[in-house]
Structures are given as C-alpha cells and as structure tokens.
Amino acid sequence: MASLRTHFRSFAQAPRRFYSGAPTPAAKLNLPVDYKTTPILHHTSSSLSNTEYPAGATSKRLNLYQAINSALRTALSKSDRTIVFGEDVGFGGVFRCTMDLQTEFGSDRVFNTPLTEQGIAGFAIGAAVEGMKPIAEIQFADYVFPAFDQIVNEAAKFRYREGGTGINAGGLVIRMPCGAVGHGALYHSQSPESLFAHIPGLRVVMPRSPAQAKGLLLSSIFEHNDPVVFMEPKILYRAAVEYVPNEYYTIPLSKAEVIKPGKDLTIISYGQPLYLCSSAISAIEKAMPGVNVELIDLRTIYPWDRQTVIDSVKKTGRAIVVHESMVNYGVGAEVASTIQESAFLRLEAPVKRVAGWSTHTGLSYEQFILPDVARIYDAIKQTLEY
Amino acid sequence: MPATIRAKFLPFGARRPTFIRSLRVEQRGFAQAANPGSIPAENDAPFTIPIAEESFRTYNFDPPPYSVETTKNQLKQLYRDMTTIRRMELAADQLYKERKIRGFCHLSTGQEAVAVGIEHAISKEDKLITAYRSHGFTYMRGGTIRSIIGELLGRRDGIAHGKGGSMHMYSKSFFGGNGIVGANVPLGAGIAFSQQYDETGNVTINLYGDGAANQGQVHESFNMAKLWNLPVMFGCENNKYGMGTSAERASAMTEYYKRGHYIPGLRVDGMDVLAVMAAVKHGRDFVKKGNGPLVYEYVTYRFAGHSMSDPGIAYRTREEMRKNRANDPLTYLKTRLVDWGIMTEDETKAIEKEVKRIIKDEVEHAQQMPAPEARLDVLFEDIYAPGSEPAQRRGRTVDETWY
C-alpha cells in the first residue's frame, strides 16, 4: 500500500497532460493539425478549378458547418419537397449547421423535433416513402442507436420489400456529427460508420472537408435514390476552412478520390484522419527521400469504391487503412480483406490497420485511443521496410 | 335523406324471429344493435343502420352517431370481403400445414371486421400502414388473392416478389405490414406529415397491436402527431394478446384508446364491422377538418395463435375461446343481414360457395407461380436505386473478370 501511495504522490507531482490537445515540448510528429496550411483543403479559390468542382464557379471561404448550411440552403431552394428537421435545428442546431434556415424557409420545412431519435428516423422514412426529401439531423452520432432499428429494418429494406409499388426511402438523408474532439468522452465521440456499413441498402458517407461536404450532401439528397447516412466529423465544423463553390454541385457517391498520388504505398482513409495521414506522409517523405505515398479518401464508406483502391494497391504493392473508429470489425478489416483478395500477388507487405483501439473513449483517454501522426508514421515505416 | 327515397322504404321487422335475437344477445355480451327502421328495395339506395350504444367508448371525444349510412350492395360487399379474408386465411393455414408456406405467417381470423370496416370508411387516396398481421389489409387495399398467397409461398409473382412473405406486402396507398413491433407507427406519422404538407386532405390509418402499444416509438409518434396536428388515425387492434401474453399482463393500463393522453380516443367494438365503419367515417371527418390525430382502439379477438408455430391454446382457456368464437364477426354480420332481410340464408351460402371457389382457383394459380430464379441480378436487385448499384457481387469486384 505504501508503494502505491508513493506512486500516486509522484503522479500528482509530475505535470502531466490529461485530455489537453497541447503537444508535449518534445513532440515531433504529434503536433496539432495546421488546418491553415494542410494540402487537404483548398486555401485558394483557384485550386478548386482542376477538380470535380464546377468550372468557373464563384466560391467563398467556409468552414464545415457553414458548408453544410450552404448545402441545406441550396437543397431547400432547389426543391420544395426538401424538409429539414431534428432536435434544435430550428434554432440552428448545436453545431449551427441549420442557422437561419427556419427564418428563410419557414417552420413547415425547417423544424424542431422532440428528443425522439427513433421517431425522427421513422418519421423521416415515412415522409421519404411518400416522395419527400427529408433531411433528418441526429444531434450526435452517439444518439443514433434508438434509431438503428428504423434505419436498418425500415429505411434500408424498403425498396427490397415493397413488391411492385415502387415506393422506397430514397431521398432520405440522416445527418449526424461524429468523431472525437479530444474531450467528448463516452457519448460525444463515437464514429459508428461500420455499423451502418454492414447494411446493404444504405449509403454511408463521410466528407473530409467543407467543399467535399457540400457536394456529397447535395448528391445524397438529389442524385441518389437511396437512404443515406451522412456523417460529419464534428472536429472539422470550425477547424476546416476552405473555398467552397457558391452554387449547386454534386460529388458522386461510392467514388473514392486519390487526393495525393504516390508510387510506394497507399493509405486509405476518410474523414478527419486524412489530415493526420497527410502530416505523417509529409514527415516520412522528408525523412526518407525518394519515398512517395499515395493517399485515398474513400468518401463513401459503403458501397465503397473498390476499383480505385485496388488499382492503387496494384501499383504501389503496399497499403495501410486508417480510421478513427475502433479497429475491431471496422472498415479497415473490410478494405484490407478486399485488398488481399484482389491484389494478393502484388502485395509486398501485409496490409496494416491504424485505427481506434477497441475500447470506449474515456474522457482523459481519447488521445491514447485514436490514431495519431506517430502511429501512422510508424505504420508507414514498418510497411515500407517489411 | 331525400323524401323520394324515404317514400320507397318498406316497413321492416315483422319477419324477424324473436328467438334469434335473444340467442345473439346472450352470445355476444358486448353490444347489440337495434334493427334498422326501414330498408329500401333498391340495392343502391342509401339507408341508415343503427349502431349499438355499447359499441363505442369515448375519451375526450364526441361519440360517432349511433347509426351509419349504407346500401344493400355495400352490406353484401362487407359480407363478401369478410368471407374472402376468412377463407384466404384458412387457405394459408392449410398451405402452411402442408409445409408449402414456410417461415412466419400470422393469421387474422376473428379480426376481419377491422380490416373490412376501415376500408369501407376511407378512400383509396387515404393511406394505411399496419403491422405484421396484414393479409386482410393487403387484400382490402387492392392486393389480389393470388399475389398474396403467391407471396406467402415465396414466389416471384407474389406481391413483393417473394421477398417479403407474410409480413411485407404493399399496394397502392398501403405501406405494408411490418415485422418490427411498433416500428410502422412513426412511419405512419411521417406519411401523414407528407399528406399535410401536400394538402391532400387525406388521412393516414396507422395500425398496431395491443402488444406494440407499449413500444416507446408509439408514444413518440403520438407526441409528434399531436404537436404537429397531423392527419393520422392511430388504431390499436386489441386482440387481447401480445403473442402469448394477455394485455392485462403486459399493460399497466389496458384502455388503449386513452393511451394518447392529450389525443382524443375512441374504443370500438371491433367484432361489429358496421360499428368499425361508422367509427372510422366519423374519425376521418374529424381528422380531415384539421382537428389533429385520434387514437382508436378496435376491440377484437384473434381466433388463431399468434403465428403458425403457436396453437394459441397454452395461454387461453377453452371457455374463453369458445365464448369469443361464438362472437364471430362474420356470423354476427350474417345473422343480422339475414335477420333484416338484406340477404337470404341461401344467398349467403351462395356467396360462401363462390368465395371458396375463387380462393381455390387463386391458390391453384399461386402454386403454379415459378419460384424466383437463382440469378445474381435477382439476388441483388432492389437494394440500391436501379442503375446505381455497386459493381461488386458477394465480395467480388468487376475487375476480377478482366484477368
């Protein structure tokens, strides 16, 4: 007991980081993401032009919540079948994604719901099967579980079970903020995408940036007649700022994007960890001259773009999958397995997964559980030197 | 009613043998309607039929008028519809016992008056959504007998291409049976919202069972419906048992028509098709006027077990079942129709015979339907919007075929 007490005393005396995101003075890799310079974001409006964004469009610097707001406004203006609802969305929502929409479009089209996730999802599905385009907001992805039954058993199966009537839940989008911010703890940190990605009939989307989010969200609402689970990494709501086209545009679902080409190794990721991957890639390319790493954003987690991933791995021969949600039965398992099935003879090293550890996100433990730049860097090094 | 029609009415009542009525009163023990005053000779001339006062119990709601306007044709159609559902369910029962229908199959024998009474009170533009005891509703909403039986048999030409089976059948304005207890109820609220938004002036009939009434999402839907004043008529089909548990053992409060608290309610004798029709007509008018939702309770009785694997005798006494079978909604209607001179015994027998023949024929056709082909495009169809399906099948990618 005495030794334990001593231990506690030394623990208390030594200054230690708890859940602060501040780096230790000695940190070389795990530095905060510099969203002002990261190559993931479009820091100038001209950099939008050589991509899938509309040519010659005017654009504006927006963060992620403003981009979502812009997409919702565009959708509400484009079709009066579009309705937006969820807990507190009338006031703008806790993350301000629905700011001013009620004033602009009226409370029959933008409205608050009771705290009733299962009801929200079922209600949205009912409206969708009657031909509306309901955009339902679940306040946090952590709260979606009461609605899981409705999403899995109703939305996903509607088209399959309807016989000859042609009714389906297409046009339905269920938006939810997901992921950790450093202090969300058990119920404001989760990323349940793999639970939804297990369900045929759903499309599961997670954008990496404001401009991506707008195009993918509009595509989910108007271009795809399937129910979509749209997950927004909430840490990016304010942190990620880039030029976003002002007008209507869509980015195809189920299509991955090579955001940095390379020849030696492929990293497959989506959402916020792409920024960590980008930092790790810069560091490794500096430390190992000549190495060139390819970075792919899946964007749609299910049904996912196998072709782009497999083509890349056939070229590089090495692959790492990075995601924030837990490693067990996660997206990484599916991607790694598909790679070994389809590119086995081209592989120079085992496919690695860098993901959240299989535990809950305790308040002061988030930084130990989630993938960070050092873990990704280490995985790249190991895979290259295998 | 125009005087010209009224003038054609014949006095009625003298022919009725009094012993039939007293026997029925003893058997039913619920409500006993009076006889109609006079009945026109023409089959399509409207007249009113009284509804017994005991048929309704209200909750913050004015009762429906204790009479309903109908015609002889409609009364005969009510009988034909109820007989068809009864016979179709018995055919399904038989096919199940022959091991031709497999899996889940929930029969609605004993509850026919609810499906038939509702359909005769609403229009095809009104929407209806229900739970898993859905064969009767599917038929009433326009599903053919052969497509329903074909579905139960898992055939490609079944109403849901053999994919749904007993619980999942859809037709125009009918959003199906649903396998998850209570899960259809918020959907019904959403459908009603869409009607309100589009100002269609129609209503949604949103049905669930006494077991489902205890599901949280039913209450979530009540709240949303009242909050937004949706044109929805919730309807609890209280057949007294949630699977094998009696309502009293599952519900702290079994007056399901009061379960909406802030929503007006009505308990209806669900064994009297005319009471159901009168109640739904009244409720539909109320809802259409923009008065917001209603919570109805149709008191009925499930003659069969919960599903085919439940003989339905372990948790009910023989005496209780005998008493309720004596209160058969089909017999109750038939006795009255004969009693009132709407149909003769022979005419009812002729309808039964014809229905039996049609069912036999339809079942035969259903059994001839081919089973779904074991093809990849069949296996993966209707999961994503046609044309946007992912390019892989069962973990394979298209590029694999390139080398």
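Parameters and conventions
- Residues numbered from 1 in each chain as written.
- Chains lettered and ligands numbered in written order.
- Predicted model: local features only at pLDDT ≥ 70, side-chain atom pairs only at ≥ 80, totals over all residues.
- Helix = DSSP H or I, 4+ residues; strand = E, 2+ residues; numbered from the N terminus.
- Rg over C-alpha atoms; globule rule 2.2 N^0.38 Å.
- Buried ≥ 20, exposed ≤ 12 C-beta atoms within 10 Å, placed from the backbone.
- Contact = placed C-beta atoms within 7 Å.
- Pairing = 2+ DSSP bridges.
- Axes fitted to C-alpha atoms, helices over the stretch in contact; angles between N-to-C directions.
- Nonpolar A, V, L, I, M, F, W, Y, C, P; charged D, E, K, R; others polar.
- Domains from an automatic or database assignment.
- pLDDT = per-residue confidence, 0-100.
- Core = buried A, V, L, I, M, F, W, Y, C linked by C-beta atoms within 7 Å.
- UniProt positions renumbered as here; feature names shortened; annotations may be inferred.
- Expected span 1.5 Å × (residues − 1).
- Arc of directions from axis to C-beta.

**Regarding the overall build of chain A**
- Check the secondary structure of chain A and you find 14 helices and 14 strands.
- The C-alpha radius of gyration of chain A comes to 21 Å, within 12% of the 21 Å expected for a compact globule of 386 residues.
- Overall size of chain A, expressed as C-alpha extent along the three principal axes, is 65 × 55 × 45 Å.
- Buried positions account for 55% of the 386 residues belonging to chain A.
- The contacts of chain A with a sequence gap of at least 6 include a subset with a gap of at least 24, amounting to 81%.

**A word on the sheet that holds strand S5 (residues 173-178) of chain A**
All names here are of chain A.
- Spatially, the seven strands line up as an open sheet ordered S3-S2-S4-S5-S7-S6-S12, and their pairing is mixed. Each edge of the open sheet is held by one strand with a lone partner, namely strand S3 (110-112) and strand S12 (300-302). For this sheet, the mean inter-axis angle between neighbouring strands, taken without regard to orientation, is 20 degrees.
- For strand S2 (residues 82-86) and S3, the ladder comprises three bridges, and the chain directions are parallel. Across the sheet, Phe 85 pairs through a bridge with Phe 111, a residue of S3.
- In the packing of helix H2 (residues 64-78) onto the sheet, contacts are made with S2, strand S4 (133-137) and strand S7 (228-233), and the angle to S2 comes to roughly 140 degrees.

**Looking at the pairing of strand S12 (residues 294-299) of chain B**
Residues and elements named next belong to chain B.
- Here S12 lies mainly inside the structure; six of its six residues are buried.
- The alternating pattern of S12 places Leu 294, Tyr 296 and Tyr 298 and Val 295, Glu 297 and Val 299 on opposite faces, both of which are buried.
- Alignment of strand S8 (residues 232-238) against S12, held across six bridges, turns out to be parallel. Counted as the bridge partner of Glu 237 is Tyr 298 from S12.
- When strand S11 (residues 265-269) meets S12, the two strands line up parallel, connected through five bridges.

**A closer look at the interface of chain B and chain A**
- Across the boundary between the two partners, chain B contributes 40 residues, which contact 39 residues of chain A.
- Where the side of chain B that touches chain A is concerned, the elements lending two or more residues are helix H7 (184-197) and helix H8 (216-227) of chain B.
- Tallying contributions element by element places H7 of chain B first for the side of chain B that touches chain A, with nine residues.
- In terms of residue class, the side of chain B that touches chain A is built from 19 nonpolar, 15 polar and six charged.

**Things to note about the domain arrangement of chain A**
All names here are of chain A.
- Domain annotation of chain A identifies domain 1 (45-245) and domain 2 (257-385).
- Each of domain 1 and domain 2 was reduced to a C-alpha centroid, and the two centroids are 26 Å apart.
- The interface of domain 1 with domain 2 comprises 24 residues on the first partner and 21 residues on the second.
- Going through the elements one at a time, helix H7 (193-197), strand S6 (203-205) and helix H8 (210-223) are the ones with two or more residues in the side of domain 1 that touches domain 2.
- When grouped by side-chain class, the residues that make up the side of domain 1 that touches domain 2 number 13 nonpolar, eight polar and three charged.

**With respect to the confidence of the model for chain A**
- In the predicted model, chain A carries a mean pLDDT of 91, and the fraction of residues at 70 or more is 94%.
- The model gives residues 1-21 of chain A a pLDDT under 50, and that stretch makes 11 contacts with residues more than four places away or in other chains.

**What about the environment of Tyr 365 of chain A?**
- Note on placement: Tyr 365 of chain A falls in the loop between strand S14 (352-356) and helix H13 (366-369).
- It is 8.9 Å that separates the C-alpha atoms of Tyr 365 of chain A and His 183 of chain A, two residues lying 182 residues apart in sequence.

**So, the sheet that holds strand S11 (residues 293-297) of chain A**
All names here are of chain A.
- Taking strand neighbours across the sheet as the criterion, the five strands line up as S9-S11-S10-S13-S14 in an open arrangement whose pairing is mixed. Taken across any chain shown, the strands that pair with only one partner, and hence form the sheet edges, are strand S9 (257-260) and S14. Averaged over neighbouring strand pairs, the angle between their axes works out to 25 degrees when direction is ignored.
- Here strand S13 (residues 319-326) runs beside S14; their pairing, made up of five bridges, is parallel. Following the sheet pairing, Val 322 is matched in S14 by Val 354.
- In this fold helix H12 (residues 331-343) packs onto strand S10 (265-269), S13 and S14, with an angle of close to 160 degrees to the strand it touches most, S13.

**Topic: the nonpolar core**
- Core analysis: the largest hydrophobic core is formed by 212 residues, its most contacted members being Ala 124, Ile 174 and Ile 376 of chain A together with Val 276 and Tyr 296 of chain B.
- The element best represented in this core is helix H10 (residues 273-291) of chain B, accounting for 10 residues.
- Each of domain 1 (45-245) and domain 2 (257-385) of chain A gives at least three residues to this core.

**What to know about the UniProt feature "domain: Transketolase-like pyrimidine-binding" (unreviewed entry) in chain A**
- With numbering matched to this structure, UniProt assigns "domain: Transketolase-like pyrimidine-binding" (unreviewed entry) to residues 62-239 of chain A.
- Helix makes up 38% of residues 62-239 of chain A and strand 17%, whereas the separation of the span's terminal C-alpha atoms amounts to 10 Å.

**Here we look at the environment of Leu 76 of chain A**
All names here are of chain A.
- Relative to the assigned elements, Leu 76 resides in helix H2.
- Looking at Leu 76, the number of C-beta atoms within 10 Å reads 23, which means it is buried.
- Measuring from C-alpha to C-alpha, the distance between Leu 76 and Leu 265 comes to 42 Å, with 189 residues separating the pair along the chain.
- Not counting the four nearest positions on each side in its chain, Leu 76 is found in contact with Thr 82, Val 84, Leu 101, Phe 105 and Arg 109.

**So, H12 of chain A**
Residues and elements named next belong to chain A.
- Its 13 residues place the ends of H12 18 Å apart at the C-alpha level, agreeing with the 18 Å of an ideal helix rising 1.5 Å per residue.
- Every buried residue of H12 is listed here: Val 331, Gly 332, Val 335, Thr 338, Ile 339, Ser 342 and Ala 343. Seen end-on, H12 carries its buried residues on one side only, within an arc spanning 135 degrees.
- Where H12 is buried, its residues meet H7, S10, S12, helix H11 (306-316), S13 and S14.

**Focus on unusual backbone geometry**
- A cis amide bond, omega -10 degrees, links Tyr 302 of chain A with the succeeding residue Pro 303 of chain A.
- Of note, Pro 303 of chain A is situated in the loop between S12 and H11.
- A positive phi angle is found at Asn 60 of chain B, which is not glycine, with a value near 50 degrees.
- Mapped onto the fold, Asn 60 of chain B is located in the loop between strand S4 (56-59) and strand S5 (67-70).
- Asn 60 of chain B gets classed as exposed once you count the C-beta atoms within 10 Å, which come to 12.
- The backbone of Lys 240 of chain B sits at a positive phi, close to 80 degrees, despite the residue not being glycine.

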